[in-house]
Amino acid sequence: MKQLIILSILFTLVLSSCDYVNIPLEAPIPAPIDTSTIDTSVTNIGVDANGYPLIDTAAVNISTQKVFVEEFTGHSCTGCPAQSDKLLNLQADNGHEIIVATYHEGIFAKVELPDYPTEMRTTFGGDLHSFVEQDIDAYPSAMVNRTVFANFGNKYVFQAHNQWEGPIVERVNQANPTISMGVGAILNNDQTFMKIRVSLKTEVNLSDEHLLLVLCIEDSVIAEQKDGRLDDSVYPHKINTEYVHRHVVRSLVNTTPGLYGETVVPASGISADEWINWELNYGIPDNVVNAEHVIIVAAVFNVTTSEVVQVEEVHAKHID
Amino acid sequence: MTRKHTKPSLFLLATFLLFSSLYGQDGPLEGIEIHGNFEVYAQTYNEDSLIGAPNVPQKSGVNSFANFIATKGAFSAGARIESYMPPVQGFSANYGIQPVGVPYRYARFEKDKLDITVGNFYEQFGSGMILRSYEERALGLDNALDGLRVKYSPIPGIYLKGLVGNQRFYWQKSTGYIRAFDGEVSFNELIEKFNTSQLRISIGGSFVSKYEKKGITNLEIPENVGSWAGRTQLNYGGFSVLAEYVYKINDPNADNHYIYKPGQGILISTTYSRKGFGVNLTAKSIDNMHFRSNRDAQLNDLFISYLPALSRQHTYNLATTLYPYATQPAGEIGIQGDIIYKIKKGSKLGGKYGTTIQGNFAMINSLDTHQISNSTALDAEVYLPNDPNRTGYTANLWTFGKKVYYRDYNIEIDRKFSKSFKLKTTYIYMVSNTDVTLGTALGENVYSHIGVLDGLFKLASKHSLRTELQHMWTEQDKGNWAFVMLEYGYSPHWFVTVLNQYNYGNPNKILRLNYPTAQVAYVNKANRISLAYGRQRAGIFCVGGVCRPVPAANGFTISITSSF
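Remember, predicted model here, so these are calculated numbers, not experimental data.

Calculation notes
- Residues numbered from 1 in each chain as written.
- Chains lettered and ligands numbered in written order.
- Predicted model: local features only at pLDDT ≥ 70, side-chain atom pairs only at ≥ 80, totals over all residues.
- Helix = DSSP H or I, 4+ residues; strand = E, 2+ residues; numbered from the N terminus.
- Contact = placed C-beta atoms within 7 Å.
- Pairing = 2+ DSSP bridges.
- Axes fitted to C-alpha atoms, helices over the stretch in contact; angles between N-to-C directions.
- Buried ≥ 20, exposed ≤ 12 C-beta atoms within 10 Å, placed from the backbone.
- Arc of directions from axis to C-beta.
- Nonpolar A, V, L, I, M, F, W, Y, C, P; charged D, E, K, R; others polar.
- Parallel < 35°, antiparallel > 145°, perpendicular 65-115°, else oblique.
- Left-handed = near helix turned anticlockwise from the far one by under 90°.

### A few points about the overall build of chain B
For chain B, the helix and strand inventory stands at five helices and 31 strands. Summarising the internal contacts of chain B: among those between residues at least 6 apart in sequence, 58% fall at separations of at least 24.

### Brief notes about the sheet that holds strand S10 (residues 193-202) of chain A
Residues and elements named next belong to chain A. One open sheet accounts for three strands, arranged S9-S10-S16; its pairing is antiparallel. Because the sheet does not close on itself, it has two edges, and the strands there are strand S9 (179-187) and strand S16 (275-283). Between one strand and the next, the sheet's axes are offset by a mean angle of 15°, whatever the strand orientation. Of the pairings in the sheet, the one linking S10 to S16 comprises nine bridges and is antiparallel in character. Opposite Arg197, over in S16, you have Glu279 as the bridge partner.

### Observations regarding helix H4 (residues 123-132) of chain A
Residue and element names in this part refer to chain A. What H4 keeps buried is the set Phe124, Gly125 and Leu128. For H4, the buried positions fall inside an angular range of 95° around the axis, keeping them on one side. Turned more than 90 degrees from where H4 packs its buried face, Thr123 and Ser130 sit exposed. The secondary structure elements touched by the buried residues of H4 are strand S5 (98-104) and strand S14 (248-252).

### Notes on the pairing of strand S18 (residues 307-315) of chain A
Residue and element names in this part refer to chain A. For S18, the buried fraction is high: eight of the nine residues fall into the buried class. Where strand S17 (residues 294-302) lies against S18, eight bridges are found, and the strand directions are antiparallel. Each residue of the ladder has a partner; that of Val300, found in S18, is Gln310. Linking two consecutive strands that pair antiparallel, namely S17 and S18, is a turn of four residues; a positive phi of about 60° is found at Ser306 within it.

### Quick look at the interface of chain B and chain A
The partner chain A presents 31 residues to the 36 residues of chain B that form the contact. Of all the secondary-structure elements, those providing two or more residues to the side of chain B that touches chain A are strand S11 (145-152), strand S12 (158-169), strand S13 (172-186), strand S14 (199-211), strand S15 (224-236) and helix H4 (375-379) of chain B. Its residues assigned to classes, the side of chain B that touches chain A comprises 22 nonpolar, eight polar and six charged.

### Here we look at the packing of helix H3 (residues 80-93) of chain A against helix H5 (residues 160-171) of chain A
Residue and element names in this part refer to chain A. At their nearest, the axes of H3 and H5 sit 9 Å apart, and the two run at 20° to each other. On the basis of their axis angle, the class for H3 and H5 is roughly parallel. Judged by the sense of rotation from one axis to the other, the crossing of H3 with H5 is right-handed. When H3 is examined against H5, the residues Gln83, Lys86, Leu87 and Leu90 are found in contact with a partner set consisting of Ala160, His161, Glu165 and Ile168. Of the residues that constitute the contact of H3 with H5, the class distribution is four nonpolar, two polar and two charged.

### A few points about the pairing of strand S29 (residues 539-543) of chain B
Residue and element names in this part refer to chain B. Two elements, S29 and strand S30 (residues 546-550), share five bridges in a ladder whose sense is antiparallel. Among the inter-strand pairings, Gly539 is bridged to a residue of S30, identified as Val550. Linkage of S29 to S30, two consecutive antiparallel strands, is achieved through a turn of two residues, within which Gly544 is found at a positive phi near 60°.

### A few points about unusual backbone geometry
Residue A:Pro140 is reached from A:Tyr139 by a cis peptide bond, and omega for that bond is 0°. Here A:Pro140 shows up in the loop between H4 and strand S6 (141-144). A cis amide bond links B:Met85 to the next residue, B:Pro86, at an omega of -20°. Take B:Pro86: it is sitting in the loop between strand S4 (75-84) and strand S5 (100-111). For A:Arg146, which is not glycine, the phi dihedral falls at a positive 50°. Position of A:Arg146 relative to the elements: it lies in the loop between S6 and strand S7 (158-159). On the basis of neighbour counts, which here come to 20 C-beta atoms within 10 Å, the residue A:Arg146 falls in the buried class.

### A look at the environment of A:Arg121
Residue and element names in this part refer to chain A. Structurally, Arg121 can be placed in the loop between S5 and H4. You can call Arg121 partly exposed: it has 19 C-beta atoms within 10 Å. Among all residues touching Arg121, those that are not within four sequence positions of it are His104, Glu105, Ala109 and Gly126.

In structure tokens, the structure reads:
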């Protein structure tokens, strides 16, 4: 009898020993993505017969040239989050006249287990980083309209907010753009493809070749980030594993590789008031975690100056 | 990961010395019997850059152990003293943390169908798919349990087992605890009128749970992971069927990238045999069945379960050591068949002394799976909107996936031609996806053909000569190999062996190397001493589908085994 009691105790111990877990990790609070602001400059008013978005030409921004800020950062960069926050504040303060693309590249972006497992580097970002690496002294760094600013130390790449704030502010709200642009992006139902249309309008006669660069950006990506502002006792090694990464460049959209995109205005030029349409049925890359957070950014470069003449973005959406 | 091992060793050692001194004397300890065994395995190391044998600073490694078992009536107690000074190369350096110690000790009481063990013990439920605690010294594997085990048979035909404990982790213990229960019913013993029936049926069931505290992670970790298994065995005449199914609840661990998919496995084996003929067909399918007492353990450490191998355990050198199969707990599906037929002696085909033909095949593939989340996303421990339950993938336990893991088709003909000559001829065709099974980076499967001639010549009374000629043809990896072995025996005590492996087909001419070894062994009753000198090729050594890497070495090897 004693033996049966011992066995019964063991049996009870065993049977009561299962922990079923249904949701291993709660869904994060919806990411702070401000899509309404992003879409104000361009309105999708429907789709054409092939499913591409129609651009409301009457709503396209024709009054200002927006500013394109390309930031280089990394998940193990201690000081980057504080600087990125300042950039985001600057963007918010200027009514989204500033369009940000963030590349995770360089020594702080390497995947290093176990603390930094998330790969956020991309082929395009790597190529661009290699191209400008000699100008990068520290992280985060940023380019503003890919312009060399003679009045800001003749610099092309600016380190941190103190350096990039001046050039950005100088270029915000510049009137009389040479090109106006509208962008639309329609997600298919299973979120594997999106149909993208970029419509360009020449506001003046253009005599130079112009290139169009289209990027796939995922906003509000949850992944680890070292942040020097954090409390070590709450976040071991000062790593926030649920950091919200904004404007993460996931891939080049253009089918033609190139750091400046592909030709949309030929070297022979084009007269004013012409509309140019660019379309692509784009397969969403594997590194995109949430297709509903995808933003398509389009930037137009003047080949002669290699500078951005217009930039626009749109949040990809479903057609209901 | 682990906590420090307690040290009752001095006490036990003193107990055994006391037992020894009293052995054979009058007194309360009169009648105590002490048995045991002893083994030393030592290697010396010379640098040999051609084969990749490094300069080992300590120049030698010595693994040794001694088991002592004392019994008196219903009581028994035992202990094993182990020493690693330092560990032989290829065995985990963790053994070297403590040069000498007593990692295994127990006391046991067995009487009236009751069997209680406190301390260390080994145990297996069914085929081991849910629980197997065992020692495989050649692999450096010992996951002995330390705790309490009770076995009891209340009535004939019913067998119950319960245990609690943690596992050996080199010189420490796992932080995870195991609680387990197993019951088996043998109907032929239970029901009197079936006692003599030709039809024999038994069923069994097990439940195993491990408890391990949650570590530092964002995830909701199940601290108690349960697993259950059901099995049945049926025999009728020469026919038998054994089937076992095991299921494990969510067990996120380092092996599966912390997914919450349940694990499962099934093993079905059917056998038919009669005099001179036997056939067996075994099928197995495994999905996500890494089950360890520490969720972050790696290699062969702290496995609670054992997944039986589904490929033949070859004995010939080239087939055993170059491309063996390592079981894939993450997922595999396969079938294996054996057939053995003995052609009668005196017949035309069988010859004067008879001939035995044995055929075997094994086919193992990946499981048919569909990936939901990749490992990078899972390792990031972030919320996955497309996989909120973090199941990682879906799998069909009954369907072969496209990826070939292993193929082995072999036939062996064993014939005695005369009183003084016996020949065994073997042909093996193997396909090995070593990138999956052995962690190589070849990028292609290895297709190999192996031929073996194994002859035994009886030269004169007490004098024999055994020869093995082996050849492997392959266009992949290191190319063709040849192997020759001569073993001269002067029975019953002396054996002298010379052998050589030659990688003459290596695409890199510099690496067309010989691996010669010479060995002399002396055997006397339960004692065996051998001394060898030669080159040891870097490779993989597997037992029952569990493998360990073997580093290249050049030097002497000494082995002493003894039982008392």
